[in-house]
Amino acid sequence: MRMTLSEILVATGAVGDVGERGNPVIESVRIDSRSVAAGSLFVCIPGTRLDGHNFAAEAMAKGAAAILADRPLAGLPAGTPVLLVRDTVAALGKLARSWRERVGAKLVAVSGSAGKTTVKELTASILGKVGPTAKNYKNFNNKIGLPLSMLEAGEADLTWVMELGISAPGEMDPLAAIAEPDVAVIHNVGPAHLEALGDVAGVAVEKTKLFKALRPGGTALASMDYPELWAAAKAVCPGVLGLSTKGGSAPYRAKYLGAISEGRGRFFLKLRDLEMEVTTPLTGGHFAENILAAAAAAQILGATEEHISSGLATAVMPEQRFFCRRHGNYTLIDDTYNANPLSMRRAIAAAAESAQGKPLVLVLGEMREMGSHAEAEHAKLGGEAAASGAKAVFYHGAHADVVAAGLSRQGYAGVFAVVDTPDAFLETLATTGLSSGVFLFKGSRSMHMEEYLAALTQSI
Ligand code: ATP
Ligand code: MG
């Protein structure tokens, strides 16, 4: 971003004056004093553990040009420009919107229960072929991360691709109001964050509130493959356009055609009248909906067949999202970034499909934030693991007994072991004699299943 302090004052509705240091041009906004660059605006965010207001002096010492705070602060150098607002998080959102107005950027908003970051990367890669494009930094997708990401966009970035993440009712409206998308896409819904959102229909209702914030003339896209999502989308936005990976009458369709090499897949796309085949660094049928969402959104903003084809072919995928590689006799699938029942089920099915006769080994961690659904969802997980034909299932975390019961209900005859450390995993694996095959590693973020993958990689 690039705005003068007095413009920021107006944009945020702050009181205060720009100080005795003139009216500096601000080119970055920071909330972490450790990352303050010379000339940044430091926004004090009261967090649950730490209060940013306590770091304002440190930010100034590091060269910040001004402070945005919700109270007057002591201990700042004389003449420090302090902009006062009632709510610094809300002010951050207003500032991001104002920056967007100035740039005049078109914005694609991506939501969905599993794969937002993947869709965001794919969409940005395609639109990057059309012209300069900005996207969220990593996974910065909440009411703080979204505006910070928008403020990172440069003046020349005329397209912004932003993922929006929610985990509780009431979160989508304020987030969507910051984004005001030109194109909004929801490519799936599943049992994620059920602790707060209740059930899949509740997830769909909350997510589709995104469509209410569309700019005039904007386009809503939603998957027709998820009945709860499609019903909620239609209710909010009758003109919503359908995406489907199951054929039917949707104007936008996709199909997985298989892997062409380790970690590279081929997909068929039908984007209204345009039919094409693409390759991209993703394998597995579950990614068809991500690729479709990205291609459809990008096409609506002017991407041609060539842009779509080269954007998907050259996309760089974020790490730990079903990343397949060969290591000796092993195919290791690193899907350790996160897990919910939807992404878990899809990952197991895709790993099983890719095994093609080779032994399949599942190294799974607990799915967190499931509230009262935890037992039922872990029982289902056991059933899905059994149905996958896995030779061994290693499990780390709570609800192991329920997973075991789910496995045995399906007549599972393979190895099942609870392994609460990477060492325990290696020791038990050694006793099974399984020294080749396809190994899937996946669990909720806090289960750190990447440590299990690293332990195996180091041992072979
Ligand atoms: P977060 O809510 O943490 O921001 P996200 O929605 O951005 O997550 P990603 O980070 O892209 O999603 O992927 C999260 C996990 O979901 C990864 O393990 C990834 O492999 C898996 N995943 C991605 N797309 C799909 C899909 N369409 N179906 C099922 N699982 C998916
Ligand atoms: Mg994400």
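Residues numbered from 1 in each chain as written. Chains lettered and ligands numbered in written order. Predicted model: local features only at pLDDT ≥ 70, side-chain atom pairs only at ≥ 80, totals over all residues. Heavy atoms only, no water.

(A) Examining the site of ligand 1 more closely. As a matter of local geometry, ligand 1 sits amid 22 residues, with Thr 117, Thr 118, Asn 290, Arg 321 and Asp 335 nearest to it. In this structure, an oxygen atom belonging to ligand 1 sits 2.9 Å away from a main-chain N or O atom of Gly 115. The side chain of Glu 163 places a nitrogen or oxygen atom 3.3 Å from an oxygen atom of ligand 1. Out of a free accessible area of 630 Å², ligand 1 has 94% covered by protein chains. Secondary structure elements with two or more residues in the shell around ligand 1: helix H4 (116-130), helix H10 (288-300) and helix H12 (341-355). In terms of residue count, H4 provides more of the shell around ligand 1 than any other element does, 3 residues in total. Residues of the shell around ligand 1, tallied by class, amount to 4 nonpolar, 11 polar and 7 charged. Looking at which domains feed residues into the shell around ligand 1, each of domain 2 (104-314) and domain 3 (323-459) gives three or more. (Near = heavy atom within 4 Å. Polar contact = N/O pair within 3.5 Å; in protein donor to acceptor, adjacent residues only side chain to side chain. Areas by Shrake-Rupley, 256 points an atom, 1.4 Å probe, with all protein chains shown as cover. Helix = DSSP H or I, 4+ residues; strand = E, 2+ residues; numbered from the N terminus. Nonpolar A, V, L, I, M, F, W, Y, C, P; charged D, E, K, R; others polar. Domains from an automatic or database assignment.)

(B) Molecular detail of the domain arrangement of the protein. Entries for the protein in the domain assignment read domain 1 (3-88), domain 2 (104-314) and domain 3 (323-459). Each of domain 1 and domain 2 has a C-alpha centre, and these two points are 34 Å apart. Roughly 380 Å² is buried in total at the junction of domain 1 and domain 2, and carbon and sulfur atoms are behind 75% of that figure. Of all residues in domain 1, the largest losses of buried area upon contact with domain 2 belong to Val 29, Ile 31 and Ile 45, amounting jointly to 76% of the total for that side. For the pair domain 1 and domain 2, the number of links is 1 salt bridge. Of the charged contacts in the structure, one is a salt bridge between Glu 152 and Arg 30, with a shortest N-O distance of 3.1 Å. The interface formed by domain 1 and domain 2 contains 1 residue pair in polar contact (both at pLDDT 80 or more). Taken together, the residues that form the side of domain 1 that touches domain 2 break down as 3 nonpolar, no polar and 1 charged. (Buried area = accessible area lost by both parts, 1.4 Å probe. Salt bridge = Lys/Arg side-chain N within 4 Å of Asp/Glu carboxyl O.)

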